[in-house]
There are 2 protein chains.
Amino acid sequence: MSKNAISNYVIRRLPRYYRFLGELESGGYVRISSRELAEKMGLTASQIRQDFNCFGGFGQQGYGYNVKGLREEIGKILGLSEKTPMILLGAGNLGRAIASHIDFQNRGFELVGIFDANPEIIGKKIGDMTVTDTAELENFCHENHPSAAILCIPKEAAEEEVDRLINLGIRAFWNFTHYDIRMNYKGIAVENVHLGDSLTILSYGLKANINE
Amino acid sequence: MSKNAISNYVIRRLPRYYRFLGELESGGYVRISSRELAEKMGLTASQIRQDFNCFGGFGQQGYGYNVKGLREEIGKILGLSEKTPMILLGAGNLGRAIASHIDFQNRGFELVGIFDANPEIIGKKIGDMTVTDTAELENFCHENHPSAAILCIPKEAAEEEVDRLINLGIRAFWNFTHYDIRMNYKGIAVENVHLGDSLTILSYGLKANINE
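What you see is a predicted model, and the numbers here were worked out from it, not measured in a lab.

Taken together, the 66 residues of chain B in the interface contact 66 residues of chain A. Summing both partners gives a buried area of about 5,700 Å² for chain B against chain A, and 65% of it is carried by carbon and sulfur. Among the residues of chain B in contact with chain A, Leu199, Leu202 and Tyr204 of chain B are the three that bury the most area, contributing 13% of the side total. The tally of links between chain B and chain A comes to 6 salt bridges. Two residues, Arg16 of chain A and Asp180 of chain B, come together in a salt bridge whose shortest N-O distance is 2.6 Å.

As structure tokens, this is what we get:
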């Protein structure tokens, strides 16, 4: 309960802290002050302390933070030690790129199946996985119990598949479609990636600068 | 100047309004009230009116909004009518997917060149474009004047290339790397897409629900 009370904005900053601390650890850092961490991350020390206070502060300010310990704590909050079985729907250009490009293990997931409805794509290899017919979803989910799904399918297909997937036990969607899952289902974790919207925002940013 | 004073959160909601209004227009809607639009988008009518008031309100509330006109107005604010020439650096899995998957024209850009440093990738076709050697960037930019770039290259490569690209006239980056451009350069438009961070947030969302 208390976890959910923490501001969404603080939560969204945690992956970046986690990444930075990983780089510091690889670079041989053992301890770091909030001031030094702030400087490296382009934040203020007080912002960092405020963020960390949401989770109990993570250690003594006077001595700085233990880099490895702090990274582990943040990883625990993000649930990264437990690998949730995840499936991918849609093995077109974007789906293939996601399957090949993303480091699932370090993000708290394990990719266990790739599905497509297109007969020309079914049976093809992506890395060491074979694209399976979407018609096999029921059998697969009953055997492998994935609880998360990536949607790289058209919006209309997503509207049909989300219901089916929730009935099969999916509780989290990494949603690359424009279908608004959150508006239609409650108690389901959804993370939207709207690449087109992101590019549109860049258009605004560029042209607002030009017109200044 | 005044444009930049508008909250970043309002700006980030505009692409979604733009998309929804496009769907309404295709569906034959001519006018829509803020209440009806709110219902369809899972917002409140007052939130919509507040957002639109940032840009002068877009028409009379009593009669509802003209769907086509409102969409055009939002498109203008986002700078979508002007197509900015854009190049892509990095034609690996992700770069290829971006080049094939994204509707640049409707986002205010035109993809004019794809570059890679890997001899095995240079010369390959992506759609109707050929991957060019990164060594050709200077010649290409002097001839074609792109002012935006997509970075689908490793972080270390990004650290080297951003300086070069800015010198070649690039003023906007769609950044898929973890290199923090905004921290190092001012007056440049940057839109970061951190897919790994997004997946990490989903891990949190799923596990926070489970532990509830």
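Turning next to the environment of Leu111 of chain A. Mapped onto the elements of the fold, Leu111 of chain A is located in strand β4 (residues 109-116). Measuring from C-alpha to C-alpha, the distance between Leu111 of chain A and Gly56 of chain A comes to 33 Å, with 55 residues separating the pair along the chain.

The subject of this paragraph is the environment of Ile98 of chain A. The topology assignment puts Ile98 of chain A in helix α6 (residues 93-101). Each residue touching Ile98 of chain A, except ones within four places of it in the same chain, is listed here: Phe104, Ile150, Cys152, Trp174 and Phe176 of chain A together with Leu195 of chain B.

Residue and element names in this part refer to chain B. Considering the arrangement of structural elements, one finds Ser34 in helix α3 (residues 34-41). Overall, Ser34 belongs to the buried group, its relative accessible area being 10%. There is a polar contact of 3.0 Å between the side chain of Ser34 and the side chain of Arg49. Once residues lying within four places of it in the same chain are set aside, the contact partners of Ser34 are Ala45, Ile48, Arg49 and Tyr65.

Looking at chain A as a whole, its pLDDT mean stands at 91, while 94% of the residues score no less than 70. Among the scores for the predicted complex, ipTM is 0.90 and pTM is 0.89.

Attention shifts here to the domain arrangement of chain A. Domain annotation of chain A identifies domain 1 (2-76) and domain 2 (84-197). Taking only C-alpha atoms, the centre of domain 1 of chain A and the centre of domain 2 of chain A are 32 Å apart.

Counting 56 residues, the largest nonpolar core has Ile98, Ile150 and Trp174 of chain A together with Ile98, Ile150 and Trp174 of chain B as its most contacted members. Not counting chain neighbours up to four residues away, the residues in contact with Trp174 of chain B comprise Leu195, Ser198, Leu199 and Leu202 of chain A together with Met86, Ile98, Ile102, Ala149, Ile150, Leu151, Glu191 and Val193 of chain B.

Moving on: the packing of α3 of chain B against helix α4 (residues 45-53) of chain B. All names here are of chain B. Viewed as axis vectors pointing N to C, α3 and α4 meet at an angle of 110°, and their least axial separation amounts to 8 Å. On the basis of their axis angle, the class for α3 and α4 is roughly perpendicular. Where α3 abuts α4, its residues Ser34, Arg35, Leu37 and Ala38 lie against Ala45, Ile48, Arg49 and Phe52. Counted by class, the contact of α3 with α4 contains 5 nonpolar, 1 polar and 2 charged residues.

All names here are of chain A. What the 7 strands build is an open sheet, ordered β5-β6-β4-β3-β7-β8-β9; its pairing is mixed. Taken across any chain shown, the strands that pair with only one partner, and hence form the sheet edges, are β5 (125-126) and β9 (189-192). Note that β5 and strand β6 (residues 129-133) share 2 bridges and pair antiparallel. Among the inter-strand pairings, Ile126 is bridged to a residue of β6, identified as Met129. Along the sheet face, helix α7 (residues 137-144) touches β3 (84-89), β4 and β6 and points at about 170° away from the line of β3. Here helix α8 (residues 155-167) sits on the sheet and contacts β3, β7 (148-151) and β8 (172-175); the angle it forms with β7, its principal contact strand, is near 170°.

Cut-offs used in this document
Sequence order sets the numbering: in each chain, residues are counted from 1 along the sequence as written. Whichever chain is written first is A, and whichever ligand is written first is 1; the rest continue in order. Two thresholds apply to this predicted model, a pLDDT of at least 70 for residue-level local features and 80 or more for giving and counting side-chain atom pairs, whereas whole-chain, interface and lining totals are computed over all residues. The basis for every side-chain value is the complete set of heavy atoms in the structure, and neither hydrogens nor water enter the calculation. Contacts are assigned to residue pairs that have any heavy atoms within 4.5 Å of one another. In this description, buried area is defined as the sum, over both parts, of the accessible area (probe of 1.4 Å) that is lost when the two are combined. The salt bridge criterion pairs a side-chain nitrogen of Lys or Arg with a carboxyl oxygen of Asp or Glu, the two atoms within 4 Å. Runs of E in the DSSP output that reach at least two residues are strands. Runs of H or I that reach at least four are helices, and both are numbered from the N terminus. A simple rule labels every residue: compare its accessible area, found with a 1.4 Å probe on the protein chains alone, to the largest value its type can have, and call it buried under 20%, exposed over 50%, or partly exposed in between. In the analysis that follows, any N or O atom pair within 3.5 Å is treated as a polar contact, provided that within protein one partner can donate a hydrogen and the other can accept it, and provided that, for residues neighboring in sequence, both atoms belong to side chains. Think of pLDDT as the predictor's per-residue confidence, scored from 0 to 100. Domain boundaries shown here were taken from an automatic or database domain assignment. Residues belong to one nonpolar core when they are buried, are Ala, Val, Leu, Ile, Met, Phe, Trp, Tyr or Cys, and are joined through side-chain atoms within 4.5 Å. To obtain an axis, a line is fitted to C-alpha atoms, over the contacting stretch when the element is a helix, and the angle between two such axes runs from 0 to 180 degrees between their N-to-C directions. For classification, angles of less than 35 degrees are called roughly parallel, those exceeding 145 degrees roughly antiparallel, those between 65 and 115 degrees roughly perpendicular, and all remaining angles oblique. Each residue is assigned to one class: nonpolar for Ala, Val, Leu, Ile, Met, Phe, Trp, Tyr, Cys and Pro, charged for Asp, Glu, Lys and Arg, and polar for all the others, Gly among them. When DSSP finds two or more bridges between a pair of strands, those strands are recorded as paired.

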